Amino acid sequence: AYVDLITAQSKTLSFLAFFARGFTTLLLPCQARIAQLTLQLLCSCPAEATATRKEMLIATRHIVSTEIRKAFVPIADKFLDMQVLVGSGLASQCILKPFAFSMLADLMHHIRSELSPNQLSRMVDFYAGCMHDQQLSSGVHTMCAKLLHNITECIMHIPSKKHGRVLLLAILKTFISSFSAIGDQAVAVIADIRAGGIYAEEKLYGASELIRTNTFEQGDKIKELRFLLRSLVTGCKNVIYALGKCDSVLALGMGLRPPPIPKPETGTAAAVAVLGAQSIVTDHEAELAGFELELLTSLFREGLRACRIHDVERIKAEFSVHGAPQRDSSSVGDNTVKAQGNGGCTPAVSAASATPMPLAPSREAQIKLVDREGKEQIEQFANLFASLDPAVFHELFASQFDYAFHAMIDQCAAISSVQVFVAGDATSPAFISIMLRYMCDRLELLGSDDEALTGTMLHLFKIAFLALAFFPEANEPVLQPYIQPIINSALTIS
C-alpha cells in the first residue's frame, strides 16, 4: 500500500511538471512547496520502486528546466547525495544513474551562480567523487568535468580567496587523477598492440561496463576517452586562470606573500600573538605553495601521458603494416638444405615470402604523419603552461625536461608542445635555454643507433635554430654559448 501511495504521488508530480512547462507563472507562488515536496518524495521512495523513482527523476528534470528551479537553491546540496538520487536498491543504482546525473546537471548548471560557498564545496566534493568512480562511464566523467570547470568562475568570486583557492586545487587534483586513468588505459592498450595482440575490451571497459556496453566497438571507447581528455584540458585552463584570481603561486609567482598583519606595540601580549599568527600564516602559505607546485608537476606528467590516447589508432595501423613477425631463420636453413638435396635447384618461393617488408617511416616522416586532432590536443595542453609565472615555468621545465624528452621519443605528437613554447614571447628564451642545456650535455647520444632518439634530438635542434626567426633579439644571446660545442660535437661524430 505504501508503494502504491508513493506511485500515486509521483504521478501527481509528473502532472505538476507537465503543468509547469506551460503555466509556470501560476505555480510560482507555490515554488518553495514544490521544491520541498520533490525532495521529500525522492527521500521517501522505497528501494525496490525503481520505475517510480525513474518517473520522479524525469518529472524533476522538467520542473528544474523552468523558473521554479530558483526554489531549489536553498536545498540544492541535499540533492548531492546518491542515496537521495538513486536510493539504495541495486536495480536503481544500475539503471537510474544516467537519469539522476542528467537531472542534477541541469539543476546545478542553472543555479550555480546563486550557490553559497558551502554549497559549492559540497558540489566539488560530490562531482570529484563521481570522477574518481571508475565504474561510471566516460560520458558521466565528461559531464562531471564540464560541471566542475563551469563552476570555477563562481568559486573565483568567493569572498574568501583562500577558500576558493583550496576548492580550485581540489578540482585540479581531480582532473590530474582523470589524466592518470586515461594514461594508464592508453599505455596498456599500446603495450598490448606492440606485443602482437589486438587490445582486449577489458583494458578499456570495466567488467560491469561490459555488460551494459557490449554492443559498442572498441573504437567508440577510444573516442569517448579523447572527448574526456579534451574536456579535462579545457577545465584545467579555466582552473589555472581562476587560481590567478585567488592569489595562487602558479600565476602570481614565487614571491607572493600574504598581506601584512598590523603590528601593535612591541612588548605587549598582542604583539606576541601577532608574531605567532604571522609565523602560522607564513608556514601555511609555504605549504600550500609547495602543494601547488607538486600538482603542477603531476599535471604536466600525467597530462602528457594521457595524450597518448591519440596514438592508439596510429600505432595499431603501423603494427598492421610493419609489425608482422619476421620469418624464422630455421625455416630459411631448411629450404637451403632441400635445395642442395635437389641438385642445387632453387625451390619455388611463395609470393608472400618474396615480397620485401616495407621500411618503417623515418622520424621526420612520423612527425609529419601525426594526426591533426592529436597535434591540436597537445598544443592546447601546452598552452596551459604558457601563462604561468616565468619563475614557475622555469622551475617546472628545468626539473621535468628529461621526462618530456623521453615522452617525445615515444610520442611524436609531444614535439608540438615544444613549438608552442618556442613561439611564445614570454616562454621562448627560457625554454630554449633549458632545451639546449639538456641536449648539449648529451651530444654524444647523437652517434647512437637509436633512430628515434637521434631523430628527436635533431628535430629539437632544428626548432631551436628556427626560433631566431621569431624573437631574434631575445633568442640570439641564448643560442650563442651553445654554437661552438654543437659544431665541435657534430664534426667529431661525423
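Provided above is the structure to which this section pertains.
Read on for a plain summary of the structure. (Residues numbered from 1 in each chain as written. Predicted model: local features only at pLDDT ≥ 70, side-chain atom pairs only at ≥ 80, totals over all residues. Heavy atoms only, no water.)

Regarding the packing of helix H8 (residues 117–132) against helix H9 (residues 138–150)
Helix-helix packing is described using two parameters, namely the angle between the two axes and the distance between the axes.
Point 1. For the pair H8 and H9, interaxial distance at closest approach is 9 Å and the crossing angle is 150°. Relative to H9, H8 is oriented roughly antiparallel. Along this stretch, H8 crosses H9, giving a crossing that reads as left-handed. Between H8 and H9, the contacting residues are Val124, Tyr127, Ala128, Cys130 and Met131 on the first element and His141, Cys144, Ala145, Leu147 and Leu148 on the second.
Point 2. For the contact of H8 with H9, the per-class residue count stands at 9 nonpolar, 1 polar and no charged. (Axes fitted to C-alpha atoms, helices over the stretch in contact; angles between N-to-C directions. Helix = DSSP H or I, 4+ residues; strand = E, 2+ residues; numbered from the N terminus. Parallel < 35°, antiparallel > 145°, perpendicular 65-115°, else oblique. Left-handed = near helix turned anticlockwise from the far one by under 90°. Contact = heavy atoms within 4.5 Å. Nonpolar A, V, L, I, M, F, W, Y, C, P; charged D, E, K, R; others polar.)

Thoughts on the packing of helix H21 (residues 390–410) against helix H23 (residues 428–440)
Point 1. It is the contact of H21 with H23, at a shortest axis distance of 10 Å, that shows an interaxial angle of 45°. By the angle between their axes, H21 is oblique relative to H23. Between H21 and H23 lies a crossing whose hand is right-handed. Taking contact as the criterion, the partners of Phe393, His394, Phe397, Ala398, Phe401, Asp402, Phe405 and His406 in H21 are, on H23, Ala430, Phe431, Ile434, Met435 and Tyr438.
Point 2. Taken together, the residues that form the contact of H21 with H23 break down as 10 nonpolar, 2 polar and 1 charged.

Details of helix H1 (residues 2–22)
Point 1. Helix length check: H1, at 21 residues, gives a terminal C-alpha distance of 31 Å against a target of 30 Å (1.5 Å per residue), a fit within 8%.
Point 2. At its buried positions, H1 is contacted by helix H2 (24–27), helix H3 (31–44) and helix H4 (50–64). (Expected span 1.5 Å × (residues − 1).)

Let's talk about the pattern of salt bridges
Side-chain pairing between opposite charges can occur once the charged atoms of the two side chains come close.
Point 1. This model, assessed by the stated rule, comprises 11 salt bridges.
Point 2. Between arginine 61 and aspartate 106 there is a salt bridge, and its shortest N-O distance comes to 2.6 Å. With arginine 61 in helix H4 and aspartate 106 in helix H7 (residues 97–111), the pair connects residues that are 45 residues apart, well separated along the chain.
Point 3. The class of arginine 61 is partly exposed, set by a relative accessible area of 38%.
Point 4. Residue aspartate 106 is classed as partly exposed on the basis of its relative accessible area, which comes to 25%.
Point 5. The closest approach of N and O atoms between aspartate 125 and arginine 122, which form a salt bridge, is 3.8 Å. Pair noted here: aspartate 125 and arginine 122 are both in helix H8, with a separation of 3 residues, about one helical turn.
Point 6. Aspartate 125 sits in the exposed class, given a relative accessible area of 52%.
Point 7. Residue classification places arginine 122 among the partly exposed positions, given a relative accessible area of 30%.
Point 8. Through salt bridges with shared partners, a single network forms among Glu67, Arg69 and Lys70. (Salt bridge = Lys/Arg side-chain N within 4 Å of Asp/Glu carboxyl O. Buried < 20%, exposed > 50% of the residue type's maximum accessible area, 1.4 Å probe, protein only.)

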